[in-house]
Every structure is written in structure tokens, then in C-alpha cells.
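If you want the building blocks of each chain, they are given just below.
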Amino acid sequence: MQVLFATAELSPVARVGGLAEAASGLVRALRQAGVALNVVMPDYGDVVLHNETVRDVAVPEWVGQCRVRVGQHPSAGQLTLVDVPGMQRPHPYVDETGDGWPDNDRRFMAFSAVVAALVERDTPDVVHLNDWHTAASLGMMTDRPPTVLTIHTLGYQGVTGPEWMENLPVGRENFEWYGDTNPLAGAVNLADRLIAVSPNYAAEIVQPENGMGLHQRLLARGDHLIGIRNGIDDGTWNPALDPHIPSRFSLLDMSGRDQCRAELRARAEWPSDTTPVIGVVSRLVDQKGIDLLLEAVRFLPSMSARLLVLGAGDAHVASQLRAAADATPSHVWFHDGYDEELAHWIFAGSDLFAMPSRFEPCGLAQMQAMAYGSIPVVTEVGGLVDTVLDADRFRTTGTGFTTAVDVPALVDGLHRAVRAWRHGTRRKSIQRRGMEIDWSWAGPAARHIELYRELLATS
Ligand code: ADP
Ligand code: GLC
């Protein structure tokens, strides 16, 4: 089976958040299962491919000069990199101040046009698109094979001016959006199947309060919208093999975890005592509810817990975190930036892991935390509901603590988690359950293959 898989991010080539991780994990698992995947992504610059060839593609004139390179990436495998005018930038989406590049609409419309052209040039059995950056290609593919769109988030839809409509000759009316053009909305109508990144997100987004304006369109798709939970890449996220952490460990021998714990504390200049450390690894954007956590921080001394945050994103959220860390260095530590190694350390060395998202299509960080024995405290939204069971409600199966999306509930959840953590046998059993679950992509990838097969059989 030949699948063209189009994505704006792929780890480690270009990554901003979970899209990169999810795409690379799924790609690897699908390839291992024998699917021939042609991964097509933007060429943001500085990527060296081996055995590179340049492919001719016929694109509409408005795209301008485009260059398509195909070759082997040392870790991501075979890649097709698409360069169009303005694509090569130091960050895929934003400038150094965190503002979106003003020509993001043009960049990703042009990328989508090249995806459509590649589909017409060498028609695959299935086209698999991800998020708004690739969505407009459905308005540009004439004779199209079966198509799947994965919705990693409805939070970004790529809405832009009405002038773009004329470049979407196929099913143009689907892209109309209150006088503007909405790539994601168009693809929600046009893709043969829609995948939400968790079953609970699939259920949430057909409700007016969570559909971000698209709930009716999504509801109209009936059972052509399904939820498949993301996995995490078990090659990258395995504490027994992880090269990034100070000491490796597994359920059979957890002593290495104590060392990771001590080294993480040393990094924050905290003593190795019995006060639990609550870790956070997150993009700093409104979605992630870091502001709620900052309000909850006032209660940390009484809870006898400490907060250690790694995050990149909004300058405003970063400065609030910096201020909290400066005011109470004994309880709050913050590292501003994207740091792969430190992220691994935090999963391996924190006692609890907080993820107070306002919405969360799936979330990978809570699974990474559980795989490394850090007990998650999460809000009851999206994929967090599918992956974390509250240990006070589910005494024998619980894997963490879940709360409503507000400050008192979060404080209560953190309190309950700290209490359980202090109880040695309870802590160990919650930790063990989280570590025993198979979070890998094997199961989710098999569900994707089933879906591709079903589409092929019915097309
Ligand atoms: P989202 O995609 O909304 O950002 P996810 O939880 O799905 O949230 O995925 C985030 C991914 O990015 C995880 O793999 C997490 O470990 C990683 N990550 C987030 N922030 C950072 C950071 N500042 N440094 C390193 N890794 C990060
Ligand atoms: C998005 C979502 C996140 C999800 C990730 C990968 O960034 O915010 O919840 O895990 O995509 O699908």
C-alpha cells in the first residue's frame, strides 16, 4: 500500500509541538508494519538528504518557483521536502518575537498546492493529510484517491482572506468562511475520513463549546469522523534505553530513577529531600493552562511541593513564570526554551507531572510522564480523559489524578496527588500501572492501516 503522508512538522527535522512527535512516531510504526509511506513536508532549510534527487512537478503559476527534493534523512528515513518562495525560515511558523510570519497563508497554501501536484503526478493509494497546513490541497486535487485528514487540533485553522478562494478550484464553496477562506473547514467537508487524535476529542468536537466553529460540519460527517489515540515512540521514550537521562531504569529496577530525581533537583539547586517535585514540559500557550498553575503555585508551600517548568512559547507566560521563580526560588524553577534533553530528565526525575490544559486533543506529555514513572495530574479534557484514570476514583486501576479546569479543582488535584505520593505503597502501584501500559504506536498504527484498507475496499 502506497500512502502519501503530508505534514508541516516531523521530528527531528522540524518540531514545534506534538504534531512533530506524533507524525514521526506514526510514520515509523506504519513503515515497520509494511506501509510504503511517502512523507512530504516543507523545506524550512538546512536539511541534508542523502542520495538526493530533484523532482519535477507542475504547479499553478501563483505558487512561484518551487523545488522538490527527495532523499534519505539519517533518522527520519525517506523524505520529500518542498521548498516554495518564503518557506525557508529559522522557525516554521513564528518570528523571533513569537508573532506568526505574515505570509504563513501563502507559504502553506503553496505547500498544499505542491502536495496536490505530487498526488496527481504519482497517484498513491491513499493521501493522509495533517492539520490546516496541508488541508487546502483538497481544494486543488482534481482526480483524487481516497483521502484522510488527521485533526491534531482545531485550535489553528489557517483562516485567511477571501482572495485565496480563487486558488481552490475543487469544491471551492467548502472553504468559504464568513467572507474569508478556511482551509481546515474545507477539508473537514472534503476528506473521505477524519481522524481526531483521541476518541474523547472526537466526541468533544461535535459539541458547540469545543468545535471551534466547526462542530456542525464535524457532526455532519457522522461515523466518517473517528478517534484514534496517539501513541508515543517507544524507541525515543523508553527509560531503560534513554541516552538523555543521567541513569536508566525500568520497572524491574527503579534505582536509576532515584539518581535522575537527585540530578534534576541539583539542576534546580534544590535539596534531595522528601518534598515532591511537580514537573511541567509544555508549549507556553493559552491552551496549556499554565496561568491556572501559576495561581495554584501560591499553595505550593502549604502542600509541601515544588514546581519545575520547562516551556517555550508566549513571552508573556514566560515572564510570569520567570517572576514566580525569582520570587520563590525554593519552590519554583523555570527554564525558558525548547530542550529535548531536559524534557527527558523531567519525565525521569519529577515525582508528579502537571498538565492543566484548557483543551487537549490528545496530549503526549502525560503519556511520556507515565512511561517514566512520573504521576500525572491533568484536567479532564480531550485525550487526557482517555489516558489518565483518577486513582482516588479508580482505586485499583488509577494511573494519576484528574481535575476540572479551574484553580480550586487543580489545587485539590495536586493536593490529592501529593498525599498519594507520600504514601509509599500507593505511589508505587500508581506509578507501576502507568509504566506497564503499552503507550507505543503499535496499536494506533494498526488502526490506521485498518482504516486505509477499509477506504481502499470501498473506493
Ligand atoms: P502539544 O502538541 O499541544 O504541544 P503534546 O503533549 O501533544 O502537546 O506534545 C508536546 C511534545 O513536545 C511532547 O513530546 C513534549 O515532550 C514536547 N515538548 C513540549 N514542550 C517542550 C519543551 N519546551 N522542550 C522540549 N520538549 C517539549
Ligand atoms: C496537537 C495537540 C496535542 C496532540 C498533538 C499531536 O498539538 O495540541 O494534544 O497530542 O497535536 O497529535
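All values reported here derive from a predicted model rather than from experimental measurement. (Residues numbered from 1 in each chain as written. Chains lettered and ligands numbered in written order. Predicted model: local features only at pLDDT ≥ 70, side-chain atom pairs only at ≥ 80, totals over all residues. Heavy atoms only, no water.)

## Details of the overall build of the protein
(1) Moving on: The helix and strand tally for the protein stands at 16 helices and 17 strands.
(2) Moving on: In terms of overall size, the protein behaves like a compact globule, its C-alpha atoms giving a radius of gyration of 22 Å where 459 residues would be expected to give roughly 23 Å.
(3) Moving on: C-alpha extents for the protein along the principal axes are approximately 65 × 45 × 40 Å.
(4) Moving on: Across the protein, contacts joining residues at least 24 apart in sequence account for 67% of those joining residues at least 6 apart.
(5) Moving on: Split by element, the accessible area of the protein, about 18,100 Å² in all, is 50% carbon and sulfur.
(6) Moving on: Mean positive and mean negative side-chain charge positions of the protein (39 and 56 charges, respectively) differ by 7 Å. (Helix = DSSP H or I, 4+ residues; strand = E, 2+ residues; numbered from the N terminus. Rg over C-alpha atoms; globule rule 2.2 N^0.38 Å. Contact = heavy atoms within 4.5 Å. Areas by Shrake-Rupley, 256 points an atom, 1.4 Å probe, with all protein chains shown as cover. Lys, Arg positive; Asp, Glu negative; His and termini not counted. Charge placed at Lys NZ, Arg CZ, Asp CG, Glu CD.)

## A look at the sheet that holds strand β5 (residues 77-83)
(1) Moving on: Taken in spatial order, the 9 strands make up an open sheet running β3-β4-β5-β2-β1-β6-β7-β10-β11, and their pairing is mixed. If you trace the sheet from one side to the other, it starts and ends with β3 (50-55) and β11 (225-227), each paired once. For this sheet, the mean angle separating the axes of adjacent strands, direction not counted, is 25°.
(2) Moving on: One ladder, built from 7 bridges, connects strand β4 (residues 67-73) with β5; its direction is antiparallel. Across the sheet, V70 pairs through a bridge with T80, a residue of β5.
(3) Moving on: In the packing of helix α1 (residues 18-32) onto the sheet, contacts are made with β1 (2-6), β2 (36-42), β5 and β6 (126-130), and the angle to β2 comes to roughly 160°.
(4) Moving on: In this fold helix α4 (residues 183-190) packs onto β7 (147-151) and β10 (193-196), with an angle of close to 130° to the strand it touches most, β7. (Pairing = 2+ DSSP bridges. Axes fitted to C-alpha atoms, helices over the stretch in contact; angles between N-to-C directions.)

## With respect to the pattern of salt bridges
(1) Moving on: Applying the stated criterion across every chain, the model contains 24 salt bridges.
(2) Moving on: Here R28 ties to D233 by a salt bridge, and the two come within 2.5 Å at their closest N and O atoms. In this pair, R28 sits in helix α1 while D233 sits in the loop between β11 and α7 (255-267), placing the two residues 205 residues apart along the sequence.
(3) Moving on: Overall, R28 belongs to the partly exposed group, its relative accessible area being 31%.
(4) Moving on: Note that D412 and R416 form a salt bridge whose closest N and O atoms lie 3.2 Å from each other. Here the residue D412 and the residue R416 both occupy positions in helix α14 (residues 407-422), the gap between them amounting to 4 residues, near one helical turn.
(5) Moving on: On the basis of relative accessible area, D412 is assigned to the partly exposed category, the value being 38%.
(6) Moving on: Within the structure, one salt-bridge network assembled from shared partners comprises D390, D392, R395, D412, R416 and R426. (Salt bridge = Lys/Arg side-chain N within 4 Å of Asp/Glu carboxyl O. Buried < 20%, exposed > 50% of the residue type's maximum accessible area, 1.4 Å probe, protein only.)

## So, the site of ligand 1
(1) Moving on: Taken together, 22 residues surround ligand 1, and among them G18, R283, K288, L364 and Q368 come closest.
(2) Moving on: Taking G18, its main chain carries an N or O atom lying 2.6 Å from an oxygen atom of ligand 1.
(3) Moving on: A distance of 2.8 Å is found between an oxygen atom of ligand 1 and a side-chain nitrogen or oxygen belonging to Q368.
(4) Moving on: Across the complex, the protein chains shield 93% of the 570 Å² of accessible surface that ligand 1 would expose by itself.
(5) Moving on: For the shell around ligand 1, the elements supplying multiple residues, two or more each, are α1, β12 (277-284), β13 (306-313), α11 (340-349) and α12 (365-371).
(6) Moving on: Here the residues of the shell around ligand 1 are counted per class, giving 9 nonpolar, 8 polar and 5 charged. (Near = heavy atom within 4 Å. Polar contact = N/O pair within 3.5 Å; in protein donor to acceptor, adjacent residues only side chain to side chain. Nonpolar A, V, L, I, M, F, W, Y, C, P; charged D, E, K, R; others polar.)

## Side note on the packing of α14 against helix α15 (residues 424-436)
(1) Moving on: Interaxial distance between α14 and α15 falls to 5 Å at its minimum, and their mutual angle equals 110°. On the basis of their axis angle, the class for α14 and α15 is roughly perpendicular. Counting all contacts with α14, which are made through A420, W421 and R422, the residues of α15 involved are G424, R426, R427 and I430.
(2) Moving on: Of the residues assigned to the contact of α14 with α15, the class counts are 3 nonpolar, 1 polar and 3 charged. (Parallel < 35°, antiparallel > 145°, perpendicular 65-115°, else oblique.)

## A short note on the packing of α7 against α11
(1) Moving on: The N-to-C vectors of α7 and α11 enclose an angle of 120°; their axes lie 8 Å apart at closest approach. Regarding the angle of α7 to α11, the classification is oblique. Relative to α11, the crossing made by α7 is left-handed. Each of R257, C260, R261, E263, L264 and R267 in α7 lies in contact with α11, whose residues at this interface are L342, W345, I346, F347, A348 and G349.
(2) Moving on: Among the residues making up the contact of α7 with α11, the classes are represented as 7 nonpolar, 1 polar and 4 charged. (Left-handed = near helix turned anticlockwise from the far one by under 90°.)

## Let's talk about the domain arrangement of the protein
Often, the extent of an interface is quoted as the loss of accessible area on bringing the components together.
(1) Moving on: Per the domain assignment, the segments of the protein are domain 1 (2-231 + 442-458) and domain 2 (255-436).
(2) Moving on: One C-alpha centre belongs to domain 1, the other to domain 2; they are set 32 Å apart.
(3) Moving on: Contacts between the two partners involve 20 residues from domain 1, matched on the other side by 16 residues from domain 2.
(4) Moving on: Counting each side, the surface lost to burial between domain 1 and domain 2 is near 1,400 Å², with a carbon and sulfur contribution of 60%.
(5) Moving on: Broken down residue by residue, the surface that domain 1 buries against domain 2 is led by R15, N200 and R229, which jointly contribute 29%. (Domains from an automatic or database assignment. Buried area = accessible area lost by both parts, 1.4 Å probe.)

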